[in-house]
Amino acid sequence: MSEQTVFLDDVAAPVRARKVFVKTYGCQMNVYDSDRMTDALSKDGYEATDRVEDADLVLLNTCHIREKAAEKVYSELGRLREMKKARARDGREMVIGVTGCVAQAEGKEILRRAPAVDLVIGPQTYHRLPDALRRAKGGERVIETDYAIEDKFEHLPAPDKARTRQRGVTAFLTVQEGCDKFCTFCVVPYTRGAEVSRPVSQILAEAEKLVEGGVREVTLLGQNVNAWHGEGPDGRPWGLGDLLRRLSEVEGLARLRYTTSHPRDMDDSLIAAHRDLPKLMPYLHLPVQSGSDRILKAMNRRHTAAEYIALIERVRAVQPDLAISGDFIVGFPGESDEDFEATMRLVGTVGYAQAFSFKYSVRPGTPGADMQNHVEEAVKAERLERLQSLLFTQQRDFAARCVGKTIDLLLEKPGRMPDQLVGRSPWLQPVNVGANGSEIGDIIKVRITDAGPNSLFAEAIG
Ligand code: 5AD
Ligand code: SF4
């Protein structure tokens, strides 16, 4: 028997890599979490796929913020159930997991309503996913929705370099999670739990890893990102402004953003960061929800409309180039015509570059659900239409004012036309430009030539 002889049993059958399909709903934090889960599963030999038909494991990373978002999950689970059955007839397995905020809020209910689901994992226990998966494969229906005492970030792998490259030149980095504010309409304090800040060293290490993977712009994420706090290397207490200062020293990292902020947590140091840090983009997402003090109080926002406007003036005073974005809710219980007009007036005063607005959606378990004087759907719809039309006009006017400006553009992806690339303006608008020899990841000087409804057009200069 020569050394080359191989026994048939020794030849590994070509093992098909197992595939995971992750569908992400809701906010950027879910996008970040989906990537971390994919990274964690890659250690177990799972490759990400964007074709659900190919998947051995399907994860729905869900959102519970409004009723519609939660309902989408159940209809998707209905479709997956059929797919799973068809797969079983071919003798192949398909594991279905629900993660995210619906998992946290409705854990057992999901198992009851959706028999095809094998595992349910809340946002605080993603690091236990590989283990939960093993148990699910053993036939158990797994549910993990406690708020883990161990730090999930310490157990989740850092972003993988190769996958970071595939994901592109911009990345999210969660620095803070959870919320202690308890706005009366909101489920977040119940689904994401109490406010937790990640330590400086962990954040820095992750940012450096991202840069190694080719990332040029990092958006720091948190439900209350400006409530982030930590301890600097000097032992001094740090706020988000200090963290941004430190991150702007990371070589290769060209741009910084952060979202979402609460008006109560914009401190002087963060405002000064907008003055001092050229890498910090002149964009502030600062939800206000309503322009009526009465409604703000009922929402437990703990500030008035005038305080919000004054705050924006303070940030604009140090960074006149600032684009403001916001979130609004119309039809909160008790909202009168006059309250709504106050919201319209606030929008007129602030002038938004971008905004997100929603009809109030009752969330079980929140104080808002038990309030009197719920607003009729038709009234909500009418108010939303008026508000959105005003916000849309403001967005269009903001874009029109950008025409003629020269900006630095970070090129992110190929455009629709050949030899065209798309980047983001400092104010987060998509900008189309002729590639002109530039590559994705480059930051080039362009002049904005035209504004369309959803994006800008520019020409490279120099
Ligand atoms: N109904 C409607 N919109 C809501 N939001 C949060 N909870 C609700 C709800 N119950 C909106 C707020 C928040 C954004 C993320 O979602 O505007 O800022
Ligand atoms: Fe929800 Fe209010 Fe916390 Fe934002 S600040 S996550 S709206 S409770």
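For clarity, every value in this text was computed on a predicted model and none was experimentally measured. (Residues numbered from 1 in each chain as written. Chains lettered and ligands numbered in written order. Predicted model: local features only at pLDDT ≥ 70, side-chain atom pairs only at ≥ 80, totals over all residues. Heavy atoms only, no water.)

K.L.:
Can you explain the site of ligand 1? Please cite residues and give values.
P.N.:
Near ligand 1 you find Ile-65, Arg-66, Phe-185, Gln-289, Asp-327, Ile-329, Phe-358, Lys-359, Tyr-360, Ser-361 and Arg-363, and these make up its full shell. Contact between ligand 1 and Phe-185: a nitrogen atom at 3.0 Å from a main-chain N or O atom of the residue. Gln-289 places a polar side-chain atom, nitrogen or oxygen, 2.6 Å from an oxygen atom of ligand 1. If you list the elements that add at least two residues to the shell around ligand 1, you get β15 (323-330) and β16 (354-359). The residue inventory of the shell around ligand 1, partitioned by class, reads 5 nonpolar, 2 polar and 4 charged. (Near = heavy atom within 4 Å. Polar contact = N/O pair within 3.5 Å; in protein donor to acceptor, adjacent residues only side chain to side chain. Helix = DSSP H or I, 4+ residues; strand = E, 2+ residues; numbered from the N terminus. Nonpolar A, V, L, I, M, F, W, Y, C, P; charged D, E, K, R; others polar.)

K.L.:
So, the side chain of Glu-206: which residues are in play, and what are the values?
P.N.:
Locating Glu-206 in the fold gives a position in helix α8 (residues 200-212). Excluding residues within four positions of it along the chain, Glu-206 makes contact with Tyr-32, Arg-36, Pro-159, Leu-173 and Arg-198. (Contact = heavy atoms within 4.5 Å.)

K.L.:
Can you tell me about helix α3 (residues 100-113), naming the residues and giving the values?
P.N.:
Over its 14 residues, α3 runs only 17 Å from end to end, short of the ideal 20 Å by more than 12%, given 1.5 Å per residue. For α3, the principal kink sits at Glu-106 and spans about 95°. What α3 keeps buried is the set Gly-100, Cys-101, Val-102, Ala-103, Gln-104, Gly-107, Ile-110 and Leu-111. (Expected span 1.5 Å × (residues − 1). Bend = angle between axes of the 7 residues up to and from the residue. Buried < 20%, exposed > 50% of the residue type's maximum accessible area, 1.4 Å probe, protein only.)

K.L.:
Mind laying out the site of ligand 2, listing which residues take part and the relevant values?
P.N.:
Taken together, Cys-179, Lys-181, Phe-182, Cys-183, Phe-185, Cys-186, Val-188, Pro-189, Asn-224, His-262 and Arg-301 make up all the residues around ligand 2. Looking at the shell around ligand 2 residue by residue, the class counts come to 7 nonpolar, 2 polar and 2 charged.

K.L.:
Got a sec to walk through unusual backbone geometry? Specific residues and values, please.
P.N.:
Here the amide bond leading from Thr-259 into Thr-260 is cis, since omega sits at 0°, within 30 degrees of zero. Among the secondary structure elements, Thr-260 is positioned in the loop between β13 (255-259) and α10 (268-276). Phi angles above zero are rare outside glycine, and Asn-300 is one such case at about 60°. Within the secondary structure, Asn-300 is located in the loop between α11 (293-298) and α12 (305-318). For Asn-300, a relative accessible area of 26% corresponds to the partly exposed category. Residues other than glycine seldom take positive phi values, yet Asp-419 does so here, at roughly 60°. Of note, Asp-419 is situated in the loop between β17 (406-414) and β18 (420-424). When its relative accessible area of 60% is taken as the criterion, Asp-419 is described as exposed.

K.L.:
Go over the pairing of β17 with me, naming the residues and quoting the values.
P.N.:
Strand residues, when the strand is regular, have side chains that alternate between the two faces of the sheet. Where β17 lies against strand β20 (residues 443-451), 5 bridges are found, and the strand directions are antiparallel. Within the sheet, the bridge partner assigned to Leu-409 lies in β20 and is Ile-444. Examined bridge by bridge, β17 and β18 share 4 bridges and lie antiparallel to one another. Across the sheet, the residue bridging to Leu-411 is Gly-423, located in β18. Taking the residues that link successive antiparallel strands as the turn, the β17-β18 hairpin has 5 residues, and the phi of Asp-419 there is positive, at about 60°. (Pairing = 2+ DSSP bridges.)

K.L.:
Quick one: what's the story with the nonpolar core, residue by residue and with numbers?
P.N.:
If you look at the biggest cluster of nonpolar residues, it comprises 52 residues, and the most contacted ones within it are Leu-220, Tyr-258 and Tyr-352. Not counting residues within four places of it along the chain, the set of residues in contact with Tyr-258 comprises Thr-219, Leu-220, Val-225, Leu-240, Leu-244, Met-266, Leu-270, His-274, Leu-280 and Leu-284. By size, the runner-up hydrophobic cluster in this structure holds 24 residues, among which are Val-58, Leu-77, Val-102 and Ile-110. (Core = buried A, V, L, I, M, F, W, Y, C linked by side-chain atoms within 4.5 Å.)

K.L.:
Quick one: what's the story with the sheet that holds β15, residue by residue and with numbers?
P.N.:
If you trace the 3 strands from one edge of the open sheet to the other, you get β14-β15-β16, paired in parallel fashion. Each edge of the open sheet carries a strand with a single partner, namely β14 (283-285) and β16. Sheet twist, expressed as the average angle between the axes of neighbouring strands with direction ignored, equals 10°. One ladder, built from 3 bridges, connects β14 with β15; its direction is parallel. Each residue of the ladder has a partner; that of Leu-284, found in β15, is Ile-324. Running over the sheet, helix α14 (residues 377-402) touches β15 and β16 and is turned about 175° from β16. (Axes fitted to C-alpha atoms, helices over the stretch in contact; angles between N-to-C directions.)

K.L.:
Explain the confidence of the model for the protein to me, and be specific about the residues and the numbers.
P.N.:
Taken residue by residue, the protein gives an average pLDDT of 93. The fraction at 70 or more is 96%. This stretch, residues 1-14, has a pLDDT under 50; its non-local contacts, to residues over four places away or in other chains, come to 1 contact. (pLDDT = per-residue confidence, 0-100.)

K.L.:
Can you lay out the sheet that holds strand β6 (residues 142-144) for me, pointing to particular residues and giving the numbers?
P.N.:
Read from one edge to the other, the open sheet built from 6 strands follows the order β2-β1-β3-β4-β5-β6, with strand pairing classed as parallel. Of all the strands in the sheet, the pair left with one neighbour each is β2 (46-48) and β6. Ignoring which end each strand starts from, the neighbouring axes of this sheet average 20° apart. Across the face of the sheet, helix α2 (residues 67-89) comes into contact with β1 (18-24), β3 (57-62) and β4 (95-99) while running at roughly 175° to β3. Sheet strands in contact with α3 are β3, β4, β5 (119-121) and β6, and its direction is about 140° off that of β5.

K.L.:
How would you sum up the environment of Arg-66? Please name residues and give values.
P.N.:
Within the secondary structure, Arg-66 is located in the loop between β3 and α2. Spatially, the C-alpha atoms of Arg-66 and Ser-361 are 5.5 Å apart, while their sequence positions differ by 295 residues.

K.L.:
Any details on the pattern of salt bridges? Residues and values, ideally.
P.N.:
Inspection of the entire model under this criterion finds 45 salt bridges. Asp-39 serves as the salt-bridge partner of Arg-163, at 2.6 Å between the closest nitrogen and oxygen. Of the two residues, Arg-163 sits in helix α6 (residues 161-167) while Asp-39 sits in helix α1 (residues 28-42), which places them 124 residues apart along the sequence. With respect to burial, Arg-163 and Asp-39 carry one shared label: buried. Among the ionic pairs, Lys-84 bridges to Asp-118, the shortest N-O distance being 2.7 Å. Of the two residues, Lys-84 sits in helix α2 while Asp-118 sits in the loop between α3 and β5, which places them 34 residues apart along the sequence. The burial state of Lys-84 is the same as that of Asp-118; both residues are buried. (Salt bridge = Lys/Arg side-chain N within 4 Å of Asp/Glu carboxyl O.)

K.L.:
Tell me about the packing of aromatic side chains, residues and numbers included.
P.N.:
Centre distance and the angle of the planes are the two values used to describe a pair of aromatic rings. In total, this model carries 5 aromatic pairs according to the counting rule given. Judged by centre distance (5.2 Å) and plane angle (85°), the rings of Phe-328 and Tyr-352 are edge-to-face. With Phe-328 in strand β15 and Tyr-352 in the loop between α13 (337-350) and β16, the pair connects residues that are 24 residues apart, well separated along the chain. Comparing Phe-328 with Tyr-352 shows no difference in burial state: the two are buried. Ring centres of Phe-398 and Trp-427 lie 6.1 Å apart, and the angle between their planes is 80°; this geometry places the pair in the edge-to-face category. Of this pair, Phe-398 sits in helix α14 while Trp-427 sits in the loop between β18 and β19 (430-434), and the two are 29 residues apart along the sequence. The exposure classification of Phe-398 matches that of Trp-427, with both residues buried. By the ring-pair criterion, three or more aromatic residues cluster together here, those being Phe-185, Phe-332 and Tyr-360. Taking NZ or CZ as reference, Arg-36 lies 4.8 Å from the ring centre of Tyr-32, over its face. Over the face of the ring belonging to Tyr-74 we find Arg-113, whose NZ or CZ atom lies 3.6 Å from the ring centre. (Phe/Tyr/Trp six-rings, centres within 6.5 Å; stacked < 30°, edge-to-face > 60°. Lys NZ or Arg CZ within 6 Å of the ring centre and 35° of its normal.)

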